[in-house]
Amino acid sequence: MILLGLFTYRPLIDNFRISFFNWNISSPNMTFIGFDNYVEWFTDDTSWQIARNTAIFTVVAVLGSMAIGLALAMLLDQHLRGRGLVRTIVFAPYVIAGAAIGVAFQFVFDPGYGLVQGVLAFFGVDSPHFYQHSGWALFMITTTYVWKNLGYTFVIYLAALQGRRKDLDEAAEIDGTSAWRKFWRVILPQLKGTTFFLSVTVLLNSFTVFDIIQVMTQGGPFGTGTSTLIYQVYQETFVNNRAGYGAAVATIMFLVILIITLIQVKLQDTQD
């Protein structure tokens, strides 16, 4: 409790206090301005663009990584030749630094000579300009994040699949249940707790993605094309030297995460 108080709750309370001040982070002086930082954020059109980017990125990242991770776990739970090597390959990107992944995927998505351009050129299709269009740039960083963190959801789902009740699978096979119906009626209900755990942890992780965005797009194109709330906190605090405004954005982000998590817990309790 002492460690949590010192390194979690005290900074959280201090951040909330700073959000009511106008403070250049390089200056020792702070000016109290009340709720002005919050009013500015909610009345700024740029803030809503950033909130939209955050929502799109988070929803696609959570659903994409969980769906693909479950599919791979289902596949590699089978007795296939070389599955141990494939499991390692799938998990490996998760332990690589996000900045390194971002640098590597800059070459993957480069419209001039990248891997995506090469594949599309083979089919006679021009590569999109990922760095000049906000939609494609957001798709690029979201795809990169899902690829990097796929190993996490994959490993958790694989462990859950290996710990499920095998007798239920056998009963379903004896009854002649189809593979699709077996998945929905037998396997997926046993993964409910794991799915809830992943939905919370992947959501929290996706809200705090910074390194990939910084390396690949620096929040652009066009200023805020791929900026998210956590990136806005960094930009306002350490680039624009507006620590008070950055603290206000961080507080808003914390409240959004808190509300979403409480809703998830409530839904889980209702289902139980």
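What you see is a predicted model; the values in this text were computed from it and never measured. (Residues numbered from 1 in each chain as written. Predicted model: local features only at pLDDT ≥ 70, side-chain atom pairs only at ≥ 80, totals over all residues. Heavy atoms only, no water.)

A.B. asks: Looking at this structure, how should I read the UniProt feature "domain: ABC transmembrane type-1" (unreviewed entry) in the chain?
C.D. replies: If you check UniProt for "domain: ABC transmembrane type-1" (unreviewed entry), the listed places come out as residues 51-264 in our numbering. This span, residues 51-264, is 74% helix and 0% strand, and a straight line between its end C-alpha atoms measures 20 Å. (UniProt positions renumbered as here; feature names shortened; annotations may be inferred. Helix = DSSP H or I, 4+ residues; strand = E, 2+ residues; numbered from the N terminus.)

A.B. asks: Quick question: what am I supposed to make of empty space enclosed by the protein here?
C.D. replies: Applying the stated rule across the entire model yields one cavity of 30 Å³ or more. Here the largest cavity defines a volume of roughly 40 Å³. If you trace the largest cavity, you find it lined by Ser-65, Tyr-145, Asn-149, Tyr-152, Thr-153, Val-202 and Asn-205. Elements with a minimum of two residues in the lining of the largest cavity: helix H7 (134-162) and helix H10 (192-207). (1 Å grid on protein atoms, 1.4 Å probe; cavity = no way out; pocket = protein on both sides within 12 Å on 5 of 7 lines; lining within 4 Å. Points joined across faces, edges and corners; volume = space filled by probe spheres on them.)

A.B. asks: Before we go on, may I ask you to explain the nonpolar core in this structure?
C.D. replies: In globular proteins that are soluble, nonpolar side chains generally tend to be buried together. Tyr-157, Leu-191 and Leu-229 are the most contacted members of the largest nonpolar core, which totals 34 residues. For this core, the elements supplying multiple residues, two or more each, are helix H2 (36-43), helix H3 (45-76), H7, helix H9 (179-190), H10, helix H12 (229-239) and helix H13 (243-271). No other element matches H13, which puts seven residues into this core. Ignoring any residue separated from it by four or fewer positions in sequence, one finds Tyr-157 in contact with Met-66, Gly-69, Leu-70, Ala-73, Leu-191, Thr-194, Thr-195 and Leu-198. Counting 17 residues, the second-largest nonpolar core is a separate cluster that includes Phe-57, Leu-138, Val-146 and Val-209. (Core = buried A, V, L, I, M, F, W, Y, C linked by side-chain atoms within 4.5 Å. Buried < 20%, exposed > 50% of the residue type's maximum accessible area, 1.4 Å probe, protein only. Contact = heavy atoms within 4.5 Å.)

A.B. asks: When you look at the UniProt feature "transmembrane region" (unreviewed entry) in the chain in this model, what are you seeing that I'm missing?
C.D. replies: Under the local residue numbering, the UniProt record ascribes the feature "transmembrane region" (unreviewed entry) to residues 55-76, 88-109, 136-160, 195-216 and 243-263. For residues 55-76, the helix share is 100%, the strand share is 0%, and the end-to-end C-alpha distance is 31 Å.

A.B. asks: Explain the packing of aromatic side chains to me, please; I cannot follow it from the model alone.
C.D. replies: How two aromatic rings sit relative to each other is given by the distance of their centres and the angle of their planes. One pass over the structure, following the stated rule, counts 24 aromatic pairs. Ring geometry for Phe-130 against Trp-136: centres 5.6 Å apart, planes inclined by 85 degrees, an arrangement best described as edge-to-face. Counting every residue linked through ring pairs, the aromatic cluster contains Phe-105, Phe-109, Phe-130, Trp-136, Phe-139 and Trp-147. Taking NZ or CZ as reference, Arg-242 lies 4.4 Å from the ring centre of Tyr-245, over its face. (Phe/Tyr/Trp six-rings, centres within 6.5 Å; stacked < 30°, edge-to-face > 60°. Lys NZ or Arg CZ within 6 Å of the ring centre and 35° of its normal.)

A.B. asks: How should the side chain of Thr-251 be read in this particular structure?
C.D. replies: Here Thr-251 lies in helix H13. Here Thr-251 falls in the buried class, since its relative accessible area comes to 7%.

A.B. asks: What is the right way to look at the pattern of salt bridges in this model?
C.D. replies: A side chain of one charge can pair with a side chain of the opposite charge when the charged atoms of the two come close. Tallied over the full model, the rule gives five salt bridges. When the shortest N-O distance is used, the salt bridge between Arg-165 and Asp-167 registers 2.7 Å. With a relative accessible area of 48%, Arg-165 lands in the partly exposed category. Close ionic contact of Arg-242 with Glu-236 constitutes a salt bridge, the shortest N to O distance being 3.8 Å. (Salt bridge = Lys/Arg side-chain N within 4 Å of Asp/Glu carboxyl O.)

A.B. asks: What is the right way to read the environment of Gln-235 from this model?
C.D. replies: Note on placement: Gln-235 falls in helix H12. When its relative accessible area of 26% is taken as the criterion, Gln-235 is described as partly exposed.

A.B. asks: Got a minute to help me understand unusual backbone geometry in this structure?
C.D. replies: Across the chain, the bulk of peptide bonds are trans and the bulk of non-glycine residues have phi less than zero. Cis geometry marks the peptide bond from Gly-220 to Pro-221, where omega comes out at 5 degrees. Here the phi dihedral of Gln-218 falls at roughly 50 degrees; this positive angle occurs in a residue that is not glycine. By secondary structure assignment, the location of Gln-218 is in the loop between helix H11 (211-216) and H12. For Phe-222, which is not glycine, the phi torsion reads 55 degrees and is therefore positive. Mapping Phe-222 onto the fold places it in the loop between H11 and H12. Overall, Phe-222 belongs to the exposed group, its relative accessible area being 68%.

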